[in-house]
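# A structural walkthrough
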Amino acid sequence: MALLAAGGFVVAGCAAPGPEEVTFFADGKTVNVAPLASCDIKSAQCTTRPDAAGKLRIRPGKPVQISVPSAIAETPWKVTVQYVNGKGEPQELKQDIITSLDRFAYTVTTPRPDDQILVVEVAQASVISQTGRPEDAEAVTTAIWSLQVEPPAA
């Protein structure tokens with residue numbers, strides 16, 4: 001399965017979330033996931049872990065619950081969901097940007113009970129300005145966590 005791009009946030013030198021993990025819970029199973037990529041804005045050093053994606057076997061129509069630690073909840077973060085309908089046809093990506101700076105959980109649902117979630121990604125952002133002026137500030141992705149869904153065995 002292809003990983004989603006962290007669209008909507010500009011990917012740049014990022015702020016390291018450290019060893020923070022995101023927890024995904026679905027269909028009675030839980031997995032803690034380290035970031036696929038994380039970056040430090042000050043040093044512009046990034047670390048990638050292509051094998052860090054979590055995997056869960058989830059039945060169609062089942063929601064995915066996400067729990068993030070305070071290091072993520074206290075920053076802007078985005079959830080992106082890739083899913084297919086009951087016929088296996090790709091549907092438009094679902095995205096939600098969380099900016100409340102105090103939200104620790106999110107539940108992913110699909111519009112119809114036979115939709116199958118394929119990928120859920122969480123992207124953390126930091127707001128930076130190249131000039132130091134607030135009006136020049138932009139959100140940059142600082143870390144990405146990914147859940148790859150394995151449909152149930154036939």
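Right above here is the structure, for reference.
Residues numbered from 1 in each chain as written. Predicted model: local features only at pLDDT ≥ 70, side-chain atom pairs only at ≥ 80, totals over all residues. Heavy atoms only, no water.

### Focus: the sheet that holds strand 7 (residues 64-67)
Backbone-to-backbone hydrogen bonds join strands into a sheet, with any given pair of strands oriented parallel or antiparallel. The strand order across the open sheet built from four strands is 3-2-7-10, with neighbouring strands paired in antiparallel fashion. If you trace the sheet from one side to the other, it starts and ends with strand 3 (29-33) and strand 10 (105-108), each paired once. Across this sheet, the average inter-strand angle for adjacent strands is 20°, counted without regard to direction. In this structure, strand 2 (residues 22-26) lies alongside strand 7, joined through three bridges in antiparallel fashion. Bridge assignment links Thr23 to a residue of strand 7, and that residue is Ser67. (Pairing = 2+ DSSP bridges. Helix = DSSP H or I, 4+ residues; strand = E, 2+ residues; numbered from the N terminus. Axes fitted to C-alpha atoms, helices over the stretch in contact; angles between N-to-C directions.)

### Observations regarding the environment of Gln95
By the secondary structure assignment, Gln95 is in strand 9 (residues 94-98). For Gln95, a relative accessible area of 44% gives the class partly exposed. In this structure, the C-alpha to C-alpha distance between Gln95 and Val79, residues 16 residues apart in sequence, is 5.6 Å. (Buried < 20%, exposed > 50% of the residue type's maximum accessible area, 1.4 Å probe, protein only.)

### Regarding the state of the cysteines
One pass over the full model with this rule turns up one disulfide. Cys39 shares a disulfide with Cys46; S-S distance 2.1 Å. On the sign convention where negative means left-handed, the S-S torsion of about 115° between Cys39 and Cys46 marks this disulfide as right-handed. Overall, the relative accessible area of 6% leaves Cys39 in the buried class. (Disulfide = S-S within 2.5 Å.)

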